[in-house]
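Given next are the chains, with one letter for each unit.
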Amino acid sequence: MREIERLGPRPMLEVIADCGGWDSARWDLNRLLYKAQGVYSAAALFSITVSLDDRNSSRYVIRIDQDGLTLPERTLYLAQDEESEKVLAAYRLFMERLLSLLGADSVQQKAQEILQLERQLANITVSEYDDLRRDVSAMYNKVTLGQLQKITPHLRWKWLLDQIFQEDFSEDEEVVLLATDYMQQVSQLIRSTPHRILHNYLVWRVVVVLSEHLSSPFREALHELAREMEGSDKPQELARVCLGQANRHFGMALGALFVHEHFSAASKAKVQQLVEDIKYILGQRLEELDWMDAQTKAAARAKLQYMMVMVGYPDFLLKPEAVDKEYEFEVHEKTYFKNILNSIRFSMQLSVKKIRQEVDKSTWLLPPQALNAYYLPNKNQMVFPAGILQPTLYDPDFPQSLNYGGIGTIIGHELTHGYDDWGGQYDRSGNLLHWWTEASYSRFLRKAECIVRLYDNFTVYNQRVNGKHTLGENIADLGGLKLAYHAYQKWVREHGPEHPLHRLKYTHNQLFFIAFAQNWCIKRRSQSIYLQVLTDKHAPEHYRVLGSVSQFEEFGRAFHCPRDSPMNPGHKCSVW
Ligand SMILES: [Zn+2]
């Protein structure tokens, strides 16, 4: 720690010098783009990633997408309401503070120019709210390098990608463009913006990504910005900052320790059984659906059968030498900033190498200690890390009502993602392929429309929830709750009813719903709600609970809610 404080801005000044310093009009733009994207892993103007090809999930492909903003949503730059004006003012101040700490000249002018360019990028960025960003087939544009060069003539693609990937790509190499219009306009923007300003913007993107690793004045500046955006009043304790960084840069190594202490083989087997039970219920419900025709049902069933499930942790974690392989970069006690750069560079290398490798379907996107779970449409795969398979969500010794209401509804949620407005666009092998008949798909969309309207009517701190933006998550919440509930009823049929809990007035069916609600128990400040509604695909937690339970018959029955009361409306939305 003392060393970090002693060095102050110096480690970053070296990075800035490596990027040609501020105000350089001589540096080649492509060279700086390579530094930003390929060395420091900072998206600037756009992002370049290696991902599974959405139309051929057995191979990796280079993917280019819009990504040039520092603030998390384009509308924050457009200052359309009081809250976003405040955020924008805080961001400007943050820029000026950081630039001053780094000893840059004409700080205000520089901040103003960079902000102006980011605002121009915000203007051409398509919001994740937009229907355009929800239709993957329409976004997907596979082009050759030669074609890409014609679409965006003011960049030197072959040179840039050759540098980043250490390859000699041919003109026919295919890449996937997810934001064609945006990239065309970026190319225009490059032509019309003074070189010096573009250069400063690119350097700024590198600075902003790395500044959290510098001395306390830098961390304080970051905290000031976070305070305006999220309402957090105290900076994070140093111990937590360190743990967070260890988690980010050595996730699997930490995970090995975590799993050793907190996750047994018996737990793994039990959770796997739980997943199978919930999958079985979905299979059963598919049969009963009246709005889906036989042909679509057969495809939906096939998707269910093919769905991969990973529980707990990846197998390699039990072999120390395999864990070592994940971290083959230099680390020294006295060179914190350099360690971070080494880690970034190493993961870049792993990522770019994938482009010529076969797809490994067993890789994990999260370390096992993560308190999270995910469904990956292009692998048709659900993953439940050991971190989420813990109390209060799951405990092998809990009553089953709590386990089904807790982790069971999460499992049901991830499973339903395979059939929501996004995941439903992918087939059983993870390819972007329409497997619905037109009649069934239009009935699905009509049913989904009911959920859009339901959530559109929720407000929190005067903020309206966006029903369309949160649709996939809401479909998954409503579906997951039902699947877990019916799976619990099946368990009760097979094992007999559970004993009432001593001195507790609730039945086990009620406890199931209480456990579900506790999954989303959280306290938020108004600033954080503003940002959440703007950027998060999940509805605010309060409505994840109320929205889901109010649309489920069995909730009304369990708690004796009168028909047509707010928690038991006569007409309910239902997809799965
Ligand atoms: Zn989800």
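Computed from a prediction, not measured in an experiment: that's the story for all the values here. (Residues numbered from 1 in each chain as written. Predicted model: local features only at pLDDT ≥ 70, side-chain atom pairs only at ≥ 80, totals over all residues. Heavy atoms only, no water.)

### As for the domain arrangement of the protein chain
Then, in step 1: Here the protein chain is partitioned into domain 1 (2-235) and domain 2 (263-314 + 362-558).
Then, in step 2: When each unit is reduced to the centre of its C-alpha atoms, the spacing between domain 1 and domain 2 is 34 Å.
Then, in step 3: Across the boundary between the two partners, domain 1 contributes 28 residues, which contact 24 residues of domain 2.
Then, in step 4: Note on domain 1 versus domain 2: buried area summed over both sides is about 2,300 Å², and carbon and sulfur give 52% of it.
Then, in step 5: A per-residue breakdown of the area domain 1 buries against domain 2 is headed by Asp54, Tyr129 and Arg134, which together make up 30% of the total.
Then, in step 6: Put simply, domain 1 and domain 2 have three salt bridges between them.
Then, in step 7: In this structure, Asp421 and Arg134 form a salt bridge, with 2.7 Å as the shortest nitrogen-oxygen distance. (Domains from an automatic or database assignment. Contact = heavy atoms within 4.5 Å. Buried area = accessible area lost by both parts, 1.4 Å probe. Salt bridge = Lys/Arg side-chain N within 4 Å of Asp/Glu carboxyl O.)

### Looking at the pattern of salt bridges
Then, in step 1: A full pass over the atoms with the stated rule returns 30 salt bridges.
Then, in step 2: Between Arg356 and Glu173 there is a salt bridge, and its shortest N-O distance comes to 3.2 Å. Separated by 183 residues along the polypeptide, Arg356 in the loop between helix 17 (336-353) and strand 6 (374-376) and Glu173 in the loop between helix 8 (157-165) and strand 4 (174-177) bring together distant segments of the chain.
Then, in step 3: On the accessibility criterion, Arg356 (48% relative accessible area) is partly exposed.
Then, in step 4: Three or more residues joined by partner-sharing salt bridges are found here, namely Asp23, Lys110, Glu113 and Arg196. (Helix = DSSP H or I, 4+ residues; strand = E, 2+ residues; numbered from the N terminus. Buried < 20%, exposed > 50% of the residue type's maximum accessible area, 1.4 Å probe, protein only.)

### Concerning unusual backbone geometry
Then, in step 1: Residue Pro391 is joined to Thr392 through a cis peptide bond whose omega torsion reads 10°.
Then, in step 2: One can find Thr392 in the loop between strand 7 (381-385) and helix 18 (400-417).
Then, in step 3: One non-glycine residue, Leu45, lies in positive phi territory at about 70°.
Then, in step 4: Along the chain, Leu45 turns up in the loop between helix 3 (29-39) and strand 1 (46-53).
Then, in step 5: Even without a glycine there, the phi angle at Ser106 is positive, about 35°.
Then, in step 6: Mapped onto the elements, Ser106 comes out in the loop between helix 4 (82-101) and helix 5 (107-124).

### A word on the coordination of the zinc ion
Then, in step 1: Taken together, His413 (NE2), His417 (NE2) and Glu473 (OE) make up the full set of protein donors to the zinc ion, lying 2.0 to 2.1 Å away.
Then, in step 2: By relative accessible area, His417 is classed as buried at 10%.
Then, in step 3: Under the relative-accessibility criterion, Glu473 is labelled buried at 12%. (Donors = N, O, S within 2.8 Å, 3.2 Å for Na, K, Ca; no water.)

### As for the layout of surface pockets
Then, in step 1: Roughly 1,000 Å³ of volume is contained in the second largest pocket.
Then, in step 2: As for the second largest pocket, its lining consists of 28 residues, of which Glu212, Leu222, His223, Ala226 and Gln236 are closest to the centre.
Then, in step 3: Elements with a contribution of two residues or more to the lining of the second largest pocket: helix 10 (195-210), helix 11 (216-230) and helix 12 (238-249).
Then, in step 4: For the lining of the second largest pocket, the leading source of residues is helix 11, giving nine residues.
Then, in step 5: Among the residues forming the lining of the second largest pocket, the class breakdown is 13 nonpolar, eight polar and seven charged. (1 Å grid on protein atoms, 1.4 Å probe; cavity = no way out; pocket = protein on both sides within 12 Å on 5 of 7 lines; lining within 4 Å. Points joined across faces, edges and corners; volume = space filled by probe spheres on them. Nonpolar A, V, L, I, M, F, W, Y, C, P; charged D, E, K, R; others polar.)

### Observations regarding the sheet that holds strand 6
Then, in step 1: In space, the three strands of this open sheet follow the order 5-7-6, with mixed pairing throughout. Only two strands of the sheet have a single neighbouring strand rather than two, namely strand 5 (308-312) and strand 6. Within the sheet, the average angular offset between the axes of one strand and its neighbour, ignoring direction, is 15°.
Then, in step 2: Taken together, the five bridges between strand 5 and strand 7 define a ladder with parallel strand orientation. From the neighbouring strand, Val311 faces strand 7, where its bridge partner is Phe384.
Then, in step 3: Against the sheet, helix 18 makes contact with strand 6 and strand 7, and its axis sits at roughly 155° relative to strand 7, the strand it touches most. (Pairing = 2+ DSSP bridges. Axes fitted to C-alpha atoms, helices over the stretch in contact; angles between N-to-C directions.)

### Overview of the side chain of Glu118
Then, in step 1: Checked against the element boundaries, Glu118 lands in helix 5.
Then, in step 2: One buried charged side chain, Glu118, makes no salt bridge at all; its nearest oppositely charged neighbour is Arg205, positioned 5.1 Å away.
Then, in step 3: A polar atom in the side chain of Glu118 sits 2.8 Å from the side chain of Thr70.
Then, in step 4: In contact with Glu118, not counting residues within four places along its chain, are Gly68, Leu69, Thr70, Tyr77, Tyr91, Tyr201, Trp204 and Arg205. (Lys, Arg positive; Asp, Glu negative; His and termini not counted. Polar contact = N/O pair within 3.5 Å; in protein donor to acceptor, adjacent residues only side chain to side chain.)

### Here we look at the sheet that holds strand 2 (residues 56-66)
Then, in step 1: Pairing in this open sheet of four strands is mixed, and the strands run 1-2-4-3 from one edge to the other. Unpaired on one side and paired on the other, strand 1 and strand 3 (141-144) mark the two borders of the sheet. Averaged over all pairs of adjacent strands, the angle between strand axes in this sheet comes to 35°, irrespective of strand direction.
Then, in step 2: As paired elements, strand 2 and strand 4 share three bridges and run parallel to each other. Residue pairing for strand 4: Ile64 is matched across the bridge by Leu177.

### Considerations on the nonpolar core
Then, in step 1: In this structure, Phe46, Trp157, Phe165 and Trp204 are the most contacted members of the largest nonpolar core, which totals 89 residues.
Then, in step 2: For this core, the leading source of residues is helix 10, giving 10 residues.
Then, in step 3: Those residues in contact with Trp204, other than ones at most four positions away along the chain, are Trp22, Thr70, Tyr91, Phe94, Met95, Leu98, Leu99, Ile114 and Glu118.
Then, in step 4: In terms of nonpolar packing, the next biggest core, distinct from the first, is built from 83 residues, Ile281, Leu289, Tyr455 and Tyr488 among them. (Core = buried A, V, L, I, M, F, W, Y, C linked by side-chain atoms within 4.5 Å.)

### Considerations on the UniProt feature "domain: Peptidase M13 N-terminal" (unreviewed entry) in the protein chain
Then, in step 1: The positions UniProt marks with the feature "domain: Peptidase M13 N-terminal" (unreviewed entry) are residues 3-314.
Then, in step 2: For residues 3-314, the end-to-end C-alpha separation is 36 Å, with 60% helix and 10% strand making up the annotated structure. (UniProt positions renumbered as here; feature names shortened; annotations may be inferred.)

### So, empty space enclosed by the protein
Then, in step 1: For the structure shown, the criterion picks out one cavity of 30 Å³ or more.
Then, in step 2: Space inside the largest cavity adds up to approximately 40 Å³.
Then, in step 3: Taken together, Thr409, Ile410, His413, Asp477, Gly480, Leu481, Phe516 and Trp520 form the lining of the largest cavity.
Then, in step 4: Taken together, the elements giving at least two residues each to the lining of the largest cavity come down to helix 18 and helix 20 (471-495).
Then, in step 5: Residues that form the lining of the largest cavity fall into these classes: four nonpolar, three polar and one charged.

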